Structure formats: C-alpha cells, structure tokens
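Take a look at the letters that make up each chain.
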Amino acid sequence: MPIMDRNTVIGFSLIFLILAGYYWYTAPTPEELARMQDMRDSVALVEKRVQDSIAQISSSEASSTEKIVQDSSVNAPSKSQELASFEKGKDSIIELKNSHLTLRFNTQGGRLNSVKLNQHNGLALKRSDKSDLELLVDGKNDMSWSWSDQLGQELNSKDFFWEIHEQTDSVIAFRLTVKDNQYLEQRYVLSESKPYVVDYNVNVVGFSDYVRRGNSDFRFDWAATLQKQERDMKWEEQHTAIVYKLPEESPTSLQTIDQAEELLKSPVKWIAFKQQYFTALIGSDADISSDAKLTMKMKSDQADSFDIKPLSARIFMEYKGEQSRNGNFHFYFGPNHYKTLENTNIGFANAELERIVPLGWGIFGWVNRGIVIPVFSALDGIIGSTGIIIMLLTIIIKTLFLPLVYKSYISTAKMRILKPEIDAIKEKHGNDLQKTQQENMALYKKAGVSPLSGCVPMLLQLPILFAMFQFFPVAFELRQKSFLWAADLSQYDGPSLGFSIPFYGDHVSFFTLLMTFSTLIYTHLNNQISGVSGQMKYIGYFMPIIFLGVLNDYASGLTWYYFVSNMITFGQQFVIRKTVDDQKLHAQIAAARKKPVKKSKFQERMELAMKASQEKSKNQRRK
C-alpha cells in the first residue's frame, strides 16, 4: 500500500476539522430541543383526536348502513331471505320425450341435463348398451342463468331448487315464485310437429325489485364437451366447431384453430355447437343481445377418450325492469342433414340452418346445393341402398358430361394424328421456342384443331369433382349406411393393419385401392390415346399414388364414387373409340387444310405480337 505524503495528510486533517466545526455550529441548543419535543407531543395529540373522530364516524356509518339494509330488505330481498327457501330441496330428474328427442331436466337450476336422439344410433362401442345417440351428456353439459340482486350479489339459477309449475307430455315449466305474480320461469315445449326443436321461454314476471338496477341483464352460460359419435376421432375433431349467425350475414364458423375466442358486439340469431354429423343449437329472433362470448378450447390430457373438445357460449337477455319480460328462445338438437335443417322451423325466418353443413365455397357450394343434393334426395326417396344411389348419381353426372367427354376425345385423337408433324417442327427449330410455337399454331389453324379443346371439357368437370370432395365427408345420408363390405359409407371401409405406414396410415381402405388402380389404368389408356411422352407421362402415374395416401382416411362413399366414375369413363371411351374412325379424322384434317384459313381479329393481334417479339429478339442479338 503506498505511503501518503505530508500534503495529503494535511489536506484530510483540514477537511475533518471543517466538517466537525460545521456540525458543532449547526447543532440545536437545549432550548431548541425542548421546543421541538413540545411540537412532536402536540402533533401526536392531534393525530390521536383525528383517529378517534374517524372511528366514531365509521361506527355511525356502519350503523346507518345496517339500518338501510334492514329497511331495504322489506322491499328488496337478498339471496339470504326470500330466495333462501329455494336453496334447499330435492334433486329430481324429469324426462320429456317425443319420437325424436328424449330430454332430461334437473330441478336444481331447472336446467336441461342431457339430450338423446331416439331415431339415431350412437357409436357401437359406447359405454351403455343402448343404441340411442346421446348428443348432450349429463356431467358434460352445463346450462345456467345468472343475474345480480339489488345488493350487487350475483345469483345463479343452479343455486336454487325450482318448483315444477306445469308438466304434461309435451311441456315442463320450472318456477322460482317469491310472491304472487313475482317469479322466474323456464318453460320447455316439445312438439311432434317440429322435430328436433325445443321451444324455450324464459319469463321474468314482477321481478324488478329482485334485480339490480343498472346491471339488470340476465346472462346465459352454456358449456358442453361434445362426445365422439363416429369411429374416426380425427374427422370428429376436424368438423367440431362453434357456428354462429349474425343478422343479415351468412353463418360463420369458429374453427380455424384448436383454441379460439370470439366476442360478438352485435345481436346474434343463433349459436351452434356443431360436430361432424350432429348439432346442438340455441337461437332467438330478438332476445340475444350483443356482447356474446364464444370459446373453443383444446382437449385436455386428462379428458375422457370420448371427449372431442370443450365449447362454451355466453349470451345476454336484456332486462329493463319490465313488469313482464318474455324471452323466446329455441333449441335445435338434431342431425346435420341439409334437407332437414332447411325445412326446420326454428321459430323465425331466414335462420339459414342448412348453412351449418359445410358444402364448400363459391361454385362448389352452388353445385352441391343446386345439383348434387337435389338429385341425391330424389334418388333416396326411391332406392334403399345408398351405394346404389351413389352409383346412379355418378351415372347421371357422367351422362350429362358425355358430350364434353366426346369432344375432348376427338380433340385428343386429332392431336395424336398431328403429333409426328409437331415433333418434326420441334426438331427443325431446336431451342427456338417462338418459331416452334408460331409454326405449331399455324398447323393447328390449317388442320382445324384447337389445342385447348381437349382441356376445356375437363376443366368444366372440375367443379363437380371438387364439389363431391366437399359433399361426401359431411353427407349425413352416408352415416351408418352399409354397402358391399363397407359397414359405414361415412367412414373408411377396410380393416386395421396393427401398425402405421408413413403417409398411408394404420388401416386399408379397399375402395381407395380400387380407385387408385382404376385411375392408373385410365392414365395408361389416356397416354396411349394422346401419345403423351416424357415427364408428363410419369406425372400422370404419380398423382394417383398421392391420392392413395390422401384419400385413405376419407369416407368410403367418396372413393366408391371416384371408382365408379373411372369405370364409367372406361365404358364411355371404349364406345367412343369403337365409333370414331381415325381414317375419317385424317380426312377431316386434310379437308380442313385445303380450306382458306379465316383469321379472327384476336389471331391477327396474336400474330402481330409474336412477330414484334421476334424482331425485338433479333435486334437484341445484333447488339
């Protein structure tokens, strides 16, 4: 450590003496210390008096508040008074049934516990031996109303045991009757004339003194975990969603991700908990106010193997203190069958329930709604076998497109006849694509052949192809309908392998195999007709192999349709090949070459554009 010099020692000593002198000079005298102590004692005395005053005021306010509460309890009872008598009771289960639905209610909350569909069968491996399909399961379904009393305490309909006010074969009404003409009522009506529909009335009568003013809306909370009804959970999870309809808008689906939440700021017409083939829905023409909340969550690791995913909805019914407020709601518990939904009277117009069924957007949806479903429904009323109906539907569609198929074949045959000349032009000009294309176009015009005439008919058939791809996976008509070896046309038709193959899966779908093999054969025959070669030849074989893996999980009704379509195409091409003479085609091409070529304005503009492009290329090469 370095030794400090004399100057440093002197400097530190002076600093110490200056600080000591400052503290001695500024220190208070004994008289000043006495005055400061007196001041502190005075402040403490004042603080004590203030605290005593506050305590007295608080005690007075508490006594006053208690008095106000006691006085107000005469006119505005809280949960602990008039309604407290409903907190104890017997938990009873009440059943309401018609030919389509079996509803089970609980007197605790006056709520709907479970829903069974009597005319539809559930999954064969389900817990019970009963065949009825349980759409909403007790313990997996929760419905309740909440409101605030005048003291701000939140009350819930499940906190009370409701009295059965009315019970018949078609009606059950639960009430919380506080006084005469002062009650809450939940009324459920089940009618044979409206299959799958339950009319649900919430009546608030003379209840304004029991509901908090300024926060008077009644809130309805519905949470349900839908149950697996089909063999393949993959499709159940993919098609399970919340669907809702806003006024003047088409229904919207909340299913883009596994977990989602949506806040709706405008009134709602209906909210549906939809799975692949069945839907539970609540709707109202005017009684669902804004600020609805929809939630869809992922399936938890601890969930039952039959659970699909939890769905919940929160809606509000406005209440402005009216003497009588009637909320008119309607439930739909039924199949996602397009015609059934379209013809269902849910209680108000323009409900568009049929839009729950996802038939595709744009032209694909139009084809399904305008052609496929009407034809399928007409055949379904005549023929009992769904597999035969699919076959007849395919024959009808292929017959309608037969003129296009014929035109496509003729165009392909002419292109095959011209192929040697096209190859010669390509060999003549080598890599000069512009000259090759120009001479090819000239050849096509002289021969009276359009290279697009073979593609356009096939493109016109694509809407039907993709419409079927949308229709069959959601077609309720296929559910649990057997055909040949397929036990259920809405599911894949083959056995499990016991192990999984990458890209293919852990099972075999026989209809998919037949479709793949027939497509490969069709591709081979088509290549012979068109004379295609090179890479395009192998791409045609590659696509059926891709679809073998993609369609292995799809409904066997879809792959049965594609297989039948291929077989009809074989038959059509066989007949066309027998009736079309290649020598006559040669003669037609030769005759067309002798005729003067009439150029349209479009062709003239195309030729001028090509010539300009060639001149530009030449100028660039010269530079």
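Residues numbered from 1 in each chain as written. Predicted model: local features only at pLDDT ≥ 70, side-chain atom pairs only at ≥ 80, totals over all residues. Heavy atoms only, no water.

### Looking at the sheet that holds strand S14 (residues 260–264)
Across the sheet, six strands lie side by side as S6-S5-S11-S18-S17-S14; this open sheet has antiparallel pairing. Lying at the two open borders of the sheet, with one neighbouring strand each, are strand S6 (154–156) and S14. Each neighbouring strand pair of the sheet contributes to a mean axis angle of 15°, computed without reference to strand direction. In this structure, S14 lies alongside strand S17 (residues 292–296), joined through five bridges in antiparallel fashion. Bridging from a neighbouring strand, Ala 260 pairs with Met 296 of S17. (Pairing = 2+ DSSP bridges. Helix = DSSP H or I, 4+ residues; strand = E, 2+ residues; numbered from the N terminus. Axes fitted to C-alpha atoms, helices over the stretch in contact; angles between N-to-C directions.)

### A closer look at the sheet that holds strand S12 (residues 241–245)
Spatially, S7-S8-S9-S10-S19-S16-S15-S12-S13 is the arrangement adopted by the nine strands of the open sheet, whose pairing is antiparallel. Single-partner strands in this sheet number two, and they are strand S7 (163–167) and strand S13 (252–254). Strand-to-strand, the axes of this sheet are offset by a mean angle of 20°, without reference to chain direction.

### Topic: helix H12 (residues 556–579)
In this model, H12 (24 residues) spans 35 Å end to end at C-alpha, consistent with the 34 Å of a helix rising 1.5 Å per residue. A large share of H12 lies buried, amounting to 17 of its 24 residues. (Expected span 1.5 Å × (residues − 1). Buried < 20%, exposed > 50% of the residue type's maximum accessible area, 1.4 Å probe, protein only.)

### Considerations on the pattern of salt bridges
Inspection of every chain in the model, using the stated rule, returns 17 salt bridges. With a closest N to O distance of 3.1 Å, Asp 307 and Lys 140 form a salt bridge. Note that Asp 307 is positioned in strand S18 (residues 307–317) and Lys 140 in the loop between strand S4 (132–136) and strand S5 (141–148), a separation of 167 residues in sequence. Since its relative accessible area comes to 6%, Asp 307 is described here as buried. Given a relative accessible area of 25%, Lys 140 falls into the partly exposed group. Of the charged contacts in the structure, one is a salt bridge between Asp 199 and Lys 194, with a shortest N-O distance of 2.9 Å. The pair formed by Asp 199 and Lys 194 is uniform in burial state, with each residue classed as buried. Among the ionic contacts, a cluster of salt bridges with common partners joins Glu 154, Arg 219, Asp 221 and Arg 314. (Salt bridge = Lys/Arg side-chain N within 4 Å of Asp/Glu carboxyl O.)

### Brief notes about the nonpolar core
The biggest cluster of nonpolar side chains holds 115 residues, and the ones touching the most others in it are Leu 103 and Phe 333. With near-sequence residues (within four places) excluded, Phe 333 lies in contact with Leu 101, Leu 103, Leu 112, Val 115, Leu 117, Leu 135, Leu 136, Tyr 196, Val 198, Thr 279 and Ala 280. (Core = buried A, V, L, I, M, F, W, Y, C linked by side-chain atoms within 4.5 Å. Contact = heavy atoms within 4.5 Å.)

### Here's the deal with empty space enclosed by the protein
What the rule picks out here adds up to four cavities of 30 Å³ or more. There is about 50 Å³ of room inside the largest cavity. Along the walls of the largest cavity sit Trp 145, Trp 147, Ser 157, Trp 162, Leu 184, Glu 185, Gln 186, Val 202, Val 204 and Phe 218, which together make up its complete lining. Listed by contribution, the elements that provide at least two residues to the lining of the largest cavity are S5, strand S9 (182–190) and strand S10 (197–205). Looking at the lining of the largest cavity residue by residue, the classes come out as seven nonpolar, two polar and one charged. (1 Å grid on protein atoms, 1.4 Å probe; cavity = no way out; pocket = protein on both sides within 12 Å on 5 of 7 lines; lining within 4 Å. Points joined across faces, edges and corners; volume = space filled by probe spheres on them. Nonpolar A, V, L, I, M, F, W, Y, C, P; charged D, E, K, R; others polar.)

### Some points on unusual backbone geometry
Residues other than glycine seldom take positive phi values, yet Asn 181 does so here, at roughly 60°. Tracing the backbone through its elements, the reader meets Asn 181 in the loop between strand S8 (171–179) and S9. In this structure Asn 181 comes out as exposed when scored by relative accessible area, which is 56%.

### Side note on the packing of aromatic side chains
Both the distance between ring centres and the angle between the ring planes are used here to describe each pair of aromatic rings. According to the stated counting rule, one finds 33 aromatic pairs in the structure shown. Between Phe 472 and Tyr 561 the ring centres are 5.7 Å apart and the planes differ by 35°, which places this aromatic pair in the tilted class. Taken together, the positions of Phe 472 in the loop between helix H9 (455–471) and strand S20 (496–501) and Tyr 561 in helix H12 put the pair 89 residues apart, joining distant regions of the chain. An identical accessibility class is assigned to Phe 472 and Tyr 561; each is buried. Among the aromatic side chains, those forming a connected cluster through ring pairs are Phe 105, Trp 145, Phe 174, Tyr 188, Tyr 200, Phe 220, Trp 222, Phe 273, Phe 329, Phe 331 and Phe 333. If you follow Arg 175 out to its NZ or CZ, it ends over the ring of Tyr 183, 3.7 Å from the centre. (Phe/Tyr/Trp six-rings, centres within 6.5 Å; stacked < 30°, edge-to-face > 60°. Lys NZ or Arg CZ within 6 Å of the ring centre and 35° of its normal.)

### So, the pairing of S9
Each regular strand carries side chains that alternate between the two faces of the sheet. For S9, a buried count of eight out of nine residues is recorded, marking the element as mostly surrounded by other parts of the structure. The pairing of S8 with S9 spans eight bridges and is classified as antiparallel. Along S9, the bridge assignment pairs Phe 174 with Gln 186. In this structure, the hairpin formed by S8 and S9 is closed by a connection of two residues, where Asn 181 is found at a positive phi of approximately 60°. With eight bridges joining them, S9 and S10 adopt antiparallel strand pairing. Across the sheet, the residue bridging to Gln 186 is Val 202, located in S10. Taken together, S9 and the strand that follows it, S10, pair antiparallel across an intervening segment of six residues, in which Tyr 196 is found at a positive phi of about 70°.

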